[in-house]
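# A closer look at the structure
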Amino acid sequence: MHYTTEFRDAEIVHRISAEIKRIITQPWVIMEICGGQTHAIMRYGLDQLLPQEIELVHGPGCPVCVTALELIDKALVIASQPGVIFTSFGDMLRVPGTGRDLFSVRATGGDVRVVYSPLDAVRIAQENPDRQVVFFAIGFETTAPANCMSVIQAKNVGIKNYSVLVSHVRVPPAIRAILSAPLNRVQGFLAAGHVNTVMGYWEYLPLSEEFKTPIVVTGFEPVDILQGVLMTVRQLEQGRHEVENAYSRLVNQQGNRAAQAVINQVFIECDRKWRGIGNIPNSGWRLRSEFSQFDAETRFEVSGINSEESPVCISGLILQGLHKPVECPAFAKTCTPEHPLGATMVSSEGACAAYYRYSNIALTQSTKQ
Amino acid sequence: MCLGIPGKIIEIYENNGLQMGKIDFGGVLREACLQYVPEAKIGDFTLIHVGFALNIISEEDAMETLEILRSISDLDQELSPN
Amino acid sequence: MEAEIPFFEGPSCPIPLPHHERILIGHGSGGKMSHDLIMQVFNPPFSNPILDQGDDSGIVSILPRNSLASTWNGQLAISTDSHVVWPLFFAGGDIGKLAVCGTVNDVAMMGAKPLYLTAGFILEEGLDIDLLQKVVSSMQTAAQEAGVTIIAGDTKVVQKGKADSLYINTTGVGILPEGIEISGKNAQVGDVVILSGPIGAHGMAVLEARQELGFESQIQSDVAPLNHLVHEMLNQSHRIHVLRDPTRGGLATTLNEIAQQSQVSILIDEMAIPVDPAVAMACEMLGFDPLYVANEGKLVAIVEKNDSLKVLDAMRQSRYGRGAVIIGEIHSDPRGRVLMRTSFGSTRVMDMPSGELLPRIC
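Residues numbered from 1 in each chain as written. Chains lettered and ligands numbered in written order. Predicted model: local features only at pLDDT ≥ 70, side-chain atom pairs only at ≥ 80, totals over all residues. Heavy atoms only, no water.

## Some details on the sheet that holds strand E14 (residues 347–349) of chain C
All names here are of chain C. Quick reminder of the rule: For two strands to count as paired, DSSP must find a minimum of two bridges between them. Comment: elements are numbered from the N terminus, with helices defined as DSSP H or I runs of at least four residues and strands as E runs of at least two. The convention used is that axes are lines fitted to C-alpha atoms, helices contributing only their stretch in contact, and that angles between N-to-C directions extend from 0 to 180 degrees. Two residues form a contact once any of their heavy atoms are found within 4.5 Å.
Taken in spatial order, the seven strands make up an open sheet running E9-E11-E7-E12-E10-E13-E14, and their pairing is mixed. Edge positions in the sheet fall to strand E9 (240–244) and E14, since each has one partner strand and no second. When the angles between neighbouring strand axes are averaged without regard to direction, this sheet yields 25°. Bridge analysis of strand E10 (residues 265–269) against strand E12 (residues 325–331) gives four bridges, and the strand direction is antiparallel. Along E12, the bridge assignment pairs serine 265 with histidine 331. The strands touched by helix H7 (residues 250–262) within the sheet are strand E7 (192–195), E9, E10, strand E11 (300–303), E12 and strand E13 (338–341), with E9 carrying the most contacts at an inclination of about 140°. Contacts from helix H9 (residues 305–317) reach E7, E9, E11 and E12 within the one sheet, and its direction differs from that of E7 by about 10°.

Below you can see the structure in the form of structure tokens.
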């Protein structure tokens, strides 16, 4: 068992697709909140295998898209300082701040390095004791255990030149914010399976109940995603609203206790501003005071940053599923992947970038069977 | 936030106080931190995200899921006369 | 052979010792040190009657060889490329092999027969001369395999820190036989798209050699000279409309460029694209798509349908075409775009990558 090829099996995918078509009787709007799922849907063309009645909306599931503009600008200021090695996951390098991005900081002499793992950033700090090494600790709950461990490791080994710029976001408050929005159209959620691998799904039970919305924990391979959609549609058609687990090979209700313990040790909940959406209470994590010496925001005193979002960009409304990219006046005109005005056009998972590829093509008409 | 790849643990050791492992991704090897899967043993498959194992993959659950999915539509065709 | 050089001990002697282990600024200043470097490091491996003249330029007669006498209308294919790859050595190749093959291939992609190369070197002060010798030797091996001669060269030295050890520029000259008109704008509706073998190996081999992302594998760069392969293909058919090697930006970039140049649509069958399992896994792990990863020993051929099978057969008999497969076909719409049919029967757009390939977590 490889756990990849079996879950890309075309025969199974078509079975599930046929079943969804068989049971569906009315239109439904389903949101997935994970950049990885958006990516898989686009990469495999999975939306083409779903009946017309299903509208798949791409939610704010990409930390790249939702990291607050102020934080990106702080990152740019820190990265530009001499003596700093600024480390980050590759995703963040092209995200536009106010006027520039990490790539352009690198072009003007900043030492910006892509790392695969936060532990690589810690290693860089050990290898360069005379430089300040900052790690851009972004992510949802999936990445928190790794980012936290890097801080604990730095503390335990006594590394003084390592700090983290934290921008963690949590999914349950985002679901709450979306479902509470007055114009909300989302009727069912595919939850991000790797977030749930860490956190379990106990946090979703009250949400599903309060908002009478089905939430299905879903994986990332084609079979997983189709299965998630099938289980959501079944609930919707049957008038149920429960939390179900379509990723049982990795997820259980409690989640990974060891990981949650470490997260609780290092992080504490806080309010967080989601780019384009605004402040969502308790939707983020920040470092606890015991670890404040590792906080890059205090170490570098990056206050007084004046962040200006493009007045035209409606990323936030798109991320909440309230508008489609094509409804934005700047879409494909002043805003393109090469000259993005907002994060949803930069990230390959961003809804705008995804739609851009299909613009001017009558793709759905000519190729949908 | 979700790029997680399954890989097989082929070696377990300690480094700098952390439980680490050598992971085999179908021929490509990389080190990963196993601190969050203390029960991991050699031969287990685990999900790796940014160099960390997040959980052991349950082969039993995987097989069961595939089994159920493979029999969709067959069963429903039997049950519904349409 | 040089005479025995006395070894000076004690206080440092103003007469420079002739034996150097590293490149020094003096090696680029045109004097004796430069001359010695050329005579000791470059000329012996590259030795040929033209280069050995030691003049400012290499003089060649582009007289058609006997077999080409009636098939040459005087057109030359000339290409230049600079190579700045780091690290210099990686599994399956090095900057030298790359410098030769890259330019040989650019000439060959026009259907031309590459004959001569020039090689310009920018050396960083402090570069290990042993390393340089290895690179030069590798270039000569590649040149020999390709059947090209290096007829002119240049060396400059820059201060430490101003170059990543070594940069190489090569310019290639080839003759274009009569009746060959291969260009990115020539794809026709109904043509077949052939790929010479599995993709993504070179880019991943270099990434692995950089050791920044910490993975180990058996992946080897596919860097290779493709002119003999092209020759075999042209022996089978002159209805090969486009030839291109998918280097930086990968197969996706090349196909998009052709689709735009020819103003056609290219439809690719995803299941047909060969990728070695190790390359596929390394890409998965980092979040890369093999379609965007560089190749240095592969070509895409767009061939008139009736000739496609015999061209394919000829490719499979050739050393660097054994894995050749048909991967798609040319349509008229949507003009300028590349579409891909997935294993599930859905169709998606195969886009150009926006910039540098970056590992992702999302």
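Here the narrative resumes.
## Re the state of the cysteines
Here is the rule we go by: The rule for a disulfide is simple: a pair of cysteine sulfur atoms within 2.5 Å. Relative accessibility decides the category of a residue: with a 1.4 Å probe and only protein chains considered, values under 20% of the type maximum give buried, values over 50% give exposed, and everything between is partly exposed.
All told, the structure shown has one disulfide over all chains when counted by the stated rule. Note that cysteine 34 of chain A is cross-linked by a disulfide to cysteine 2 of chain B, the S-S spacing being 2.4 Å. Remark: cysteine 2 of chain B occurs in the segment before strand E1 (5–15) and cysteine 34 of chain A occurs in the loop between strand E1 (28–32) and helix H2 (35–44); the pair is interchain, linking two chains. You'll find cysteine 34 of chain A and cysteine 2 of chain B in the same group, each marked buried.

## Regarding the interface of chain B and chain A
The line we're drawing: Within this document, salt bridges are pairs made up of a side-chain nitrogen of Lys or Arg and a carboxyl oxygen of Asp or Glu, the two lying within 4 Å of each other. What qualifies as a polar contact is a pair of N or O atoms within 3.5 Å, subject to a donor-acceptor requirement within protein and to the restriction that residues adjacent in sequence count only when both atoms come from side chains. Basically, the charged four are Asp, Glu, Lys and Arg, the nonpolar ten are Ala, Val, Leu, Ile, Met, Phe, Trp, Tyr, Cys and Pro, and anything else, Gly included, counts as polar.
Listed by partner, the interface residues are 36 residues for chain B and 49 residues for chain A. For arginine 30 of chain B, the salt bridge identified is with aspartate 120 of chain A, shortest N-O distance 3.2 Å. The interface formed by chain B and chain A holds twelve residue pairs in polar contact (both at pLDDT 80 or more) in total. Every element with two or more residues in the side of chain B that touches chain A is listed here: strand E2 (18–25), strand E3 (28–33), strand E4 (45–49), strand E5 (52–56), helix H1 (59–70) and helix H2 (74–79) of chain B. By residue number, the principal contributor to the side of chain B that touches chain A is H1 of chain B, which donates eight residues. Here the side of chain B that touches chain A is built from residues that sort into 20 nonpolar, ten polar and six charged.

## Topic: the environment of proline 87 of chain C
Within the secondary structure, proline 87 of chain C sits in the loop between strand E1 (72–83) and strand E2 (89–90). Along the backbone, proline 87 of chain C and glycine 250 of chain C are 163 residues apart, and their C-alpha atoms lie at a distance of 20 Å.

## Topic: the nonpolar core
The condition is simple: Side-chain atoms within 4.5 Å are what join buried Ala, Val, Leu, Ile, Met, Phe, Trp, Tyr and Cys residues into a set we call a nonpolar core.
If you look at the biggest cluster of nonpolar residues, it comprises 135 residues, and the most contacted ones within it are Phe86 and Tyr162 of chain A. Discounting residues that sit within four places of it in the chain, tyrosine 162 of chain A has contacts with Pro118, Ala121, Val122, Ala125, Val133, Phe135, Ser150, Val151, Ala154, Phe294 and Arg299 of chain A. Grouped together as the second largest cluster of nonpolar side chains are 35 residues, Leu88, Cys101, Ala143 and Ile150 of chain C included.

## Quick look at the sheet that holds strand E8 (residues 215–218) of chain A
Residue and element names in this part refer to chain A. Here we have five strands laid out as an open sheet, ordered E2-E1-E7-E8-E9, and parallel in their pairing. Two strands close off the open sheet at either side, each with one partner strand: strand E2 (54–58) and strand E9 (243–245). On average, each strand axis in the sheet is tilted by 25° relative to the strand beside it, whichever way the strands run. Across three bridges, E1 lies against strand E7 (residues 188–192) in parallel orientation. Note that in E7 the partner of methionine 31 across the bridge is phenylalanine 189. Where helix H11 (residues 222–238) meets the sheet, its contacts fall on E1, E2, E7, E8 and E9, and the angle it forms with E8 comes to roughly 170°.

## Some details on a negative patch on the surface
We count it as follows: The patches reported here contain residues having more than 30% relative accessible area and no salt bridge. Joining distances are 9 Å for like charges and 5 Å for nonpolar side chains (Val, Leu, Ile, Met, Phe, Trp, Tyr). The protein chains shown are the only cover counted for residues, whose accessible areas, like all others here, come from Shrake-Rupley with a 1.4 Å probe. None of His or the chain ends enter the tally, which takes Lys and Arg as positive and Asp and Glu as negative. Charge coordinates come from a single atom per side chain, which is NZ of Lys, CZ of Arg, CG of Asp or CD of Glu.
On the surface, Glu59, Glu60, Glu64 and Glu67 of chain B cluster together into a negatively charged patch. Note that glutamate 64 of chain B resides in helix H1.

## Topic: the side chain of threonine 253 of chain C
Secondary-structure assignment places threonine 253 of chain C in helix H7. The residues touching threonine 253 of chain C, leaving out its near neighbours within four places in the chain, are Arg248, Met352 and Pro353 of chain C.

## Here we look at helix H8 (residues 277–286) of chain C
Helical periodicity: at 3.6 residues per turn, an α-helix aligns residues three or four positions apart in one direction. Restricting attention to buried positions, one finds in H8 of chain C the residues Val279, Met281, Ala282, Cys283, Met285 and Leu286 of chain C. On the buried face of H8 of chain C, the contacting elements are E1, E2 and E3 of chain B together with helix H5 (201–210) and strand E8 (215–216) of chain C. Where H8 of chain C ends, the next residue or the one after it, glycine 287 of chain C, has phi of about 85°, a positive value.

## Looking at the pattern of salt bridges
Residues and elements named next belong to chain A. Following the criterion strictly, the structure yields 32 salt bridges over all chains and no others. One salt bridge in this structure joins arginine 170 and glutamate 203, with 3.1 Å as the shortest N-O distance. Remark: glutamate 203 occurs in the loop between helix H9 (193–199) and helix H10 (205–211) and arginine 170 occurs in the loop between strand E6 (162–169) and helix H8 (171–180); sequence separation between them is 33 residues. There is no split in this pair, since arginine 170 and glutamate 203 are both buried. In this structure, arginine 249 engages aspartate 224 in a salt bridge whose closest nitrogen and oxygen atoms are separated by 2.8 Å.

## Here we look at the interface of chain C and chain B
Interface size, as often reported, equals the accessible area lost upon joining of the parts. Quick reminder of the rule: Here the quantity called buried area is the accessible surface, traced with a 1.4 Å probe, that two parts lose on coming together, added over both.
Counting residues at the interface gives 15 residues for chain C, matched by 13 residues for chain B. Summing the contributions of chain C and of chain B, the shared interface buries around 1,200 Å²; its carbon and sulfur component is 64%. Its largest share of buried area at the contact with chain B, chain C owes to Glu216, Met285 and Ile361 of chain C, together 47% of the area lost on that side. Put simply, glutamate 216 of chain C and lysine 22 of chain B hold a salt bridge, and the shortest N to O gap is 2.9 Å.

## Thoughts on the pairing of E13 of chain C
Along any regular strand the residues' side chains alternate between the sheet's two faces. Residues and elements named next belong to chain C. Two strands pair when backbone bridges link them, and E10 and E13 are joined in this way by four bridges, in the parallel orientation. Pairing of isoleucine 268 across the sheet is with methionine 340, part of E13. Where E13 and E14 come together, three bridges link them in antiparallel fashion. Directly across from leucine 339, in E14, lies its bridge partner valine 349.

Interpretation note: all reported values are geometric properties and have no functional meaning in isolation.
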